[in-house]
Amino acid sequence: MSHERVPPGQRTVDNFPVLDLGVRPRLTHDNWQLRLFGLVGREIVLDWPALLALPQRKTRFDFHCVTTWSQLDMDWEGVLARDVIVLAAPQGAYVTLHGADGYTTNLPTGALLDDDVLVAHTFADAPLADGHGGPVRLMVPKRYGWKSAKWLTGIEFHAEDRPGYWEVRGYHNEADPWKEERYSND
Ligand SMILES: Nc1nc2c(c(=O)[nH]1)N[C@H]1C(S)=C(S)[C@@H](COP(=O)(O)O)O[C@H]1N2
Ligand SMILES: [Mo]
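Note that the coordinates shown come from a computational prediction; the quantities given were computed from them, not determined experimentally.

Digging into the site of ligand 1
Taken together, 20 residues lie near ligand 1, and Pro-17, Asp-101, His-132, Arg-137 and Lys-150 sit nearest. At 2.7 Å from a nitrogen atom of ligand 1 is found a side-chain nitrogen or oxygen belonging to Asp-101. Here Arg-137 contributes a side-chain N or O atom positioned 2.7 Å from an oxygen atom of ligand 1. Here the shell around ligand 1 is built from residues that sort into twelve nonpolar, four polar and four charged.

Focus on the packing of aromatic side chains
Centre distance and the angle of the planes are the two values used to describe a pair of aromatic rings. Under the definition given, this model contains 13 aromatic pairs. Ring centres of Phe-16 and Phe-63 lie 6.4 Å apart, and the angle between their planes is 85°; on these two criteria the pair is classed as edge-to-face. In this pair, Phe-16 sits in the loop between strand E1 (11-12) and strand E2 (33-38) while Phe-63 sits in strand E4 (residues 57-64), placing the two residues 47 residues apart along the sequence. Here the aromatic rings of Phe-16 and Phe-123 are separated by 5.0 Å at their centres, their planes lie at 65°, and the arrangement is edge-to-face. Here Phe-16, found in the loop between E1 and E2, pairs with Phe-123, found in strand E8 (residues 118-123); they are 107 residues apart in sequence, far enough to count as distant. The class of Phe-123 is buried, set by a relative accessible area of 19%. An aromatic cluster is built from Tyr-103, Tyr-144, Trp-146, Tyr-165, Trp-166, Tyr-171 and Tyr-183, whose rings are joined through pairwise contacts.

Brief notes about the sheet that holds strand E11 (residues 152-158)
Strands sit in the order E3-E2-E11-E6-E7 across an open sheet of five strands; the sheet is mixed. The open sheet has two edge strands, strand E3 (44-47) and strand E7 (104-108), and neither has a second partner. For this sheet, the mean inter-axis angle between neighbouring strands, taken without regard to orientation, is 20°. Bridge count between strand E6 (residues 94-99) and E7: five bridges; the pairing is antiparallel. Its bridge partner being in E7, His-98 is matched across the sheet by Thr-104.

Describing the nonpolar core
Among the nonpolar cores identified, the biggest contains 30 residues, and Leu-36, Leu-51, Val-84, Leu-97, Leu-112, Leu-138 and Ile-155 are the most heavily contacted of them. For this core, the secondary structure elements donating two or more residues are E2, E3, helix H1 (48-52), helix H2 (81-85), E6 and E11. When residues no more than four places from it in sequence are discounted, the contact partners of Leu-36 are Glu-43, Ile-44, Val-84, Ile-85, Ala-88, Ile-155 and Phe-157.

Description of the pairing of E11
Among the seven residues in E11, six count as buried, and that is most of the element. Two elements, E2 and E11, share four bridges in a ladder whose sense is parallel. Within the sheet, the bridge partner assigned to Gly-38 lies in E11 and is Phe-157. Sheet analysis places E6 next to E11, joined by six bridges and oriented antiparallel. Following the sheet pairing, Gly-99 is matched in E11 by Leu-152.

The rules behind these values
Residues numbered from 1 in each chain as written. Chains lettered and ligands numbered in written order. Predicted model: local features only at pLDDT ≥ 70, side-chain atom pairs only at ≥ 80, totals over all residues. Heavy atoms only, no water. Near = heavy atom within 4 Å. Polar contact = N/O pair within 3.5 Å; in protein donor to acceptor, adjacent residues only side chain to side chain. Nonpolar A, V, L, I, M, F, W, Y, C, P; charged D, E, K, R; others polar. Phe/Tyr/Trp six-rings, centres within 6.5 Å; stacked < 30°, edge-to-face > 60°. Helix = DSSP H or I, 4+ residues; strand = E, 2+ residues; numbered from the N terminus. Buried < 20%, exposed > 50% of the residue type's maximum accessible area, 1.4 Å probe, protein only. Pairing = 2+ DSSP bridges. Axes fitted to C-alpha atoms, helices over the stretch in contact; angles between N-to-C directions. Core = buried A, V, L, I, M, F, W, Y, C linked by side-chain atoms within 4.5 Å. Contact = heavy atoms within 4.5 Å.

Encoded structure:
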């Protein structure tokens, strides 16, 4: 049986809407840094040249927002999240992703090891726009969009799961669009 292309309750768009808290940190390639800290073997800070020095990946995937839009066949480029986090020798089973706007979201560390999770800097062959979290954001295609932290500046490892900005406000902890894990009381 063929797999449905669009998850239940979603409709497709092609204008890549912008959704965030409304705070624009206005990062640049020159001032952006990503800190890996918490329960790690070694704390590290990556800057833009250090990110570009890692193996670069191009990947195409679909993106699903809990507000019911899905955009298909999006072309992204960046570094596999697993190639970034391995540098810090992570020991914690859970992460908090930090955005420079003060946003947070949480995932099991294992979710960052999948081969479709990108620390992304390029969308549709162009530098990632500020509104979409540029210069660098996380993209986690298997989860609803709120797990994909824009303006990614911190990955913090913990022994225990710590719900993020939307997760403490009633969004589902897992956020699998194929299971319609939208809100935690579903
Ligand atoms: N730092 C940060 N990341 C964020 C958000 C945010 O407010 N701040 N919003 C999330 C939500 S709810 C969604 S749906 C996606 C939207 O990404 P887009 O604006 O590029 O479409 O970003 C996610 N990542
Ligand atoms: Mo969202």
